[in-house]
Amino acid sequence: VRPLVDPRRESLRLGLPLIAALSASFEISGAAGRGTQVTMRVPLETNGTLPEASAPVEMVNETQLRVPAGDLVAPVLSRVVAMFAARADFSVDRLSDAILLSDAISANGPDEFPNGTAQIGIAEEDGAFVVHVGPLESGAAQRLLDGMRIPELDASLEALADEIRVDDSEDGERLVVRIANPIARPV
């Protein structure tokens, strides 16, 4: 995705986060010389005028991203994570923590996504959100966590998350990262 630069036109750079916020899921696919295809799924509610035989639309409570593993994962994931952090009313410092975590996942993940596609789900909670990365090959989630280590500081970016775990399922591992606003807004 290479936007054309128009110096006369100001941009909020909210295209992908806006798609994520308004759709149940979206997918970005393409390759050099083939172009880029963006697909978004928007669940619709009926107004009662559809025939009874039509099946109800399944509602998804998670934004689902499918992005070719590689250079697109970092900008897409960081913008979507920033949008979720803003919606959860994160401070600038906490927003930076969330983006650092997404950047670490992006930087260490390209070789870990089966079939060359990064699959990431983000679910909102009150004042927080949970990022699900996967399915991944066996051991890949731990390699992503190992990639978050900062040996010079004897620390890890894992400390920026409220919870990090690896879930196993029949289709592979999933890295689960929960990031919360320490000062959740009153309900």
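About the cut-offs
Residues numbered from 1 in each chain as written. Predicted model: local features only at pLDDT ≥ 70, side-chain atom pairs only at ≥ 80, totals over all residues. Heavy atoms only, no water. Phe/Tyr/Trp six-rings, centres within 6.5 Å; stacked < 30°, edge-to-face > 60°. Helix = DSSP H or I, 4+ residues; strand = E, 2+ residues; numbered from the N terminus. Buried < 20%, exposed > 50% of the residue type's maximum accessible area, 1.4 Å probe, protein only. Contact = heavy atoms within 4.5 Å.

*Asks:* What exactly am I supposed to notice about the packing of aromatic side chains here?
*Replies:* Here the distance between the centres and the angle between the planes together describe a pair of aromatic rings. Using the criterion set out here, one finds 2 aromatic pairs in the structure. On the basis of an interplanar angle of 40° and a centroid distance of 6.0 Å, the ring pair of Phe-84 and Phe-129 is categorised as tilted. One end of the pair, Phe-84, is in helix α2 (residues 73–87); the other, Phe-129, is in strand β5 (residues 128–136), with 45 residues separating them in the sequence. Across the pair, exposure class does not vary: Phe-84 and Phe-129 are buried alike. Where Phe-90 meets Phe-129, the ring centres are 5.7 Å apart and the plane angle is 25°; that geometry is what we call stacked. A residue pair is termed long-range when its members are at least 10 positions apart, and Phe-90 in the loop between α2 and α3 (92–108) and Phe-129 in strand β5 qualify at 39 residues. For the pair Phe-90 and Phe-129, one class covers both residues: buried. Three or more aromatic residues link up through ring pairs in this structure, and these residues are Phe-84, Phe-90 and Phe-129.

*Asks:* Explain the environment of Thr-39 to me, please; I cannot follow it from the model alone.
*Replies:* Mapped onto the elements of the fold, Thr-39 is located in strand β2 (residues 35–41). Along the chain, Thr-39 and Ser-29 lie 10 residues apart, while their C-alpha atoms are 8.5 Å from each other. When residues no more than four places from it in sequence are discounted, the contact partners of Thr-39 are Ser-25, Phe-26 and Glu-27.

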